[in-house]
Amino acid sequence: MPGETDKPVSLRQDLIWRLEAAGFAVLIGLLRLMGVERASAFGGGLLRWLGPKTGTHRTVIRNLRIAFPEMTPEAREQLARDSWEQTGRTFAETAVMDQLTPDSGRVEIVGLERLHAIRDSGRPVVFVSGHLACFEVMPAAILGAGVPCQITYRAANNPYVDAQIRKARARYGVKLFAPKGGDGARELLAGMARGESVALMNDQKFSEGPEAIFFGQPVNAAPGPTRLALKFGTVLQPLSVTRLPGVRFRLTVHEPIEPNQTGNRTEDIARGVQAITTFVEERVREHPVDWFWVHKRWPDRVYASLDPGGTSVDRR
């Protein structure tokens, strides 16, 4: 808790954190009482109504303009509202994730034999994916298949809420790890040296990373997954999740990506980053409603090109 490893916090801040954590606990408790179906529907309905009223809705629409310039404004607005509902469902479902594991019957896995082969090999891989549908299904499936794996996440600012999140995810076997020093954390390296795989999301902005092309426009992406794969001579193992009717999901274990080993480390990393970025784009194009459109993915100059006076990427 606060003060154990971090700088001391004021009594006022500690009280605020405790009140926030109490409210969070009540919300999670209510969602769990609702059960899977009603909790998912509640979260979806809430954000479908609330999301378009927020300032973030503008980011969602701008992202859709960049990704789908041929789409009509009306179609973008519909897709934006549908994606808000999916996002709301995903957040609500985190409260009942222990009931959304493969053993629950709500998750079908395509390519399960690949997870079993990784488990049986005793060698680590680098799992990669994006924020697709209920993305917590992925760590549940990895661990459920018996693959020893470090699941990375960003720790909540509120340490009491963070403790609740850790406890909830422990219900379905996730031992969380929060990188402290970027993508080269010592703990990740030590884990892979022990034969543990790692799972990393690689679809958010990382300004210090190499440039890749995403929906025809430049983005910067974290090189960490590719660096790890190169260092340990292993593969990048892509996963994706698709939402199905009835609060069900399809998890696909795709063909692994073999990183280039040309001796030119900079170019090899850049190719790996592009391969992951292309994989994510292909999945988003297949099921655009499932992606986390609220994130500001592209650099400022791409968004600036949408504004009057810029060189617009929007052909409408």
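Residues numbered from 1 in each chain as written. Predicted model: local features only at pLDDT ≥ 70, side-chain atom pairs only at ≥ 80, totals over all residues. Heavy atoms only, no water.

(A) View of the side chain of Thr252. Looking at the secondary structure, you find Thr252 in strand E9 (residues 248-253). On the basis of relative accessibility, which here comes to 17%, the residue Thr252 falls in the buried class. Not counting the four nearest positions on each side in its chain, Thr252 is found in contact with Val110, Pro238, Leu239 and Ser240. (Helix = DSSP H or I, 4+ residues; strand = E, 2+ residues; numbered from the N terminus. Buried < 20%, exposed > 50% of the residue type's maximum accessible area, 1.4 Å probe, protein only. Contact = heavy atoms within 4.5 Å.)

(B) Region of interest: the sheet that holds strand E5 (residues 197-201). The strand order across the open sheet formed by seven strands is E1-E9-E8-E2-E5-E3-E4, and the pairing between neighbours is mixed. Edge strands, defined here as strands with exactly one partner in the open sheet, are strand E1 (107-110) and strand E4 (176-177). Relative to strand E8 (residues 236-244), strand E2 (residues 126-129) runs parallel, the two being bridged by three bridges. Considered in E8, the bridge of Phe127 is made with Gln237. Contacting E2, E5 and E8, helix H9 (residues 224-231) crosses the sheet at an angle of about 155° to E2. On the sheet, helix H10 (residues 265-286) packs against E2 and E8 and is oriented at approximately 15° with respect to E8. (Pairing = 2+ DSSP bridges. Axes fitted to C-alpha atoms, helices over the stretch in contact; angles between N-to-C directions.)

(C) Representation of the pairing of E2 within the structure. Residues Val126 and Val128 line one face of E2 and the alternating positions Phe127 and Ser129 line the opposite face, and both faces are buried. As paired elements, E2 and E5 share four bridges and run parallel to each other. From the neighbouring strand, Ser129 faces E5, where its bridge partner is Met201.

(D) Representation of unusual backbone geometry. We note that Phe215 has phi near 55°; this positive angle belongs to a residue other than glycine. Turning to its location among the elements, Phe215 is positioned in the loop between strand E6 (211-214) and strand E7 (217-220). For Phe215, a relative accessible area of 5% gives the class buried. Backbone geometry at Val247 places phi at a positive 55°, although glycine is not the residue there. Secondary-structure assignment places Val247 in the loop between E8 and E9.

(E) Seen up close, the packing of helix H3 (residues 56-67) against helix H4 (residues 73-93). For the pair H3 and H4, the least separation of the axes is 10 Å and the interaxial angle reads 125°. In terms of orientation, H3 and H4 fall into the oblique class. Crossing of H3 against H4: the hand is right-handed. Contact residues: Thr56, His57, Val60, Ile61, Leu64 and Arg65 in H3; Arg76, Glu77, Leu79, Ala80, Ser83 and Trp84 in H4. Here the residues of the contact of H3 with H4 sort into six nonpolar, three polar and three charged. (Parallel < 35°, antiparallel > 145°, perpendicular 65-115°, else oblique. Left-handed = near helix turned anticlockwise from the far one by under 90°. Nonpolar A, V, L, I, M, F, W, Y, C, P; charged D, E, K, R; others polar.)

(F) Structural view of the pattern of salt bridges. Counted under the stated rule, the structure contains 22 salt bridges. Close ionic contact of Arg243 with Glu93 constitutes a salt bridge, the shortest N to O distance being 2.7 Å. Of the two residues, Arg243 sits in strand E8 while Glu93 sits in helix H4, which places them 150 residues apart along the sequence. Taking the relative accessible area as the measure of exposure, Arg243 reaches 13% and is therefore buried. For Arg271, the salt bridge identified is with Glu267, shortest N-O distance 3.5 Å. With Arg271 and Glu267 both in helix H10 and four residues apart, this pair spans about one turn of that helix. We classify Glu267 as partly exposed; its relative accessible area is 40%. Each of Arg48, Asp82, Glu85 and Arg89 takes part in a single network of salt bridges with overlapping partners. (Salt bridge = Lys/Arg side-chain N within 4 Å of Asp/Glu carboxyl O.)

(G) Region of interest: the packing of aromatic side chains. Per the stated rule, a full pass over the model turns up nine aromatic pairs. Residues Phe91 and Phe292 carry aromatic rings whose centres are separated by 6.1 Å and whose planes lie at 80° to one another, so their mutual orientation is edge-to-face. Of this pair, Phe91 sits in helix H4 while Phe292 sits in the loop between H10 and helix H11 (300-304), and the two are 201 residues apart along the sequence. Taking the centre distance of 6.5 Å and the plane angle of 80° together, the rings of Trp298 and Tyr303 count as edge-to-face. Of the residues examined, Trp298 reaches a relative accessible area of 0% and is grouped as buried. Of the residues examined, Tyr303 reaches a relative accessible area of 2% and is grouped as buried. Three or more aromatic residues joined by ring pairs form one cluster here, namely Phe68, Phe214, Phe215, Trp291, Trp293, Trp298 and Tyr303. The aromatic ring of Tyr303 is capped on one face by Lys296, whose charged end is 5.2 Å from the ring centroid. Of note, Arg297 hangs over the ring of Phe214, and the distance from its end group to the ring centre comes to 5.8 Å. (Phe/Tyr/Trp six-rings, centres within 6.5 Å; stacked < 30°, edge-to-face > 60°. Lys NZ or Arg CZ within 6 Å of the ring centre and 35° of its normal.)

(H) Quick look at H4. With 21 residues, H4 should cover 30 Å at 1.5 Å per step; its first-to-last C-alpha distance of 30 Å lies within 8% of that length. Tucked into the core, H4 has its buried residues touching helix H1 (11-34), helix H2 (36-50), H3, E8 and E9. (Expected span 1.5 Å × (residues − 1).)

(I) Seen up close, the environment of Arg186. Structurally, Arg186 can be placed in helix H8 (residues 186-193). Judged by its relative accessible area of 71%, Arg186 falls in the exposed class. Along the sequence, Arg186 and Val36 sit 150 residues apart, while their C-alpha atoms lie 37 Å from each other.

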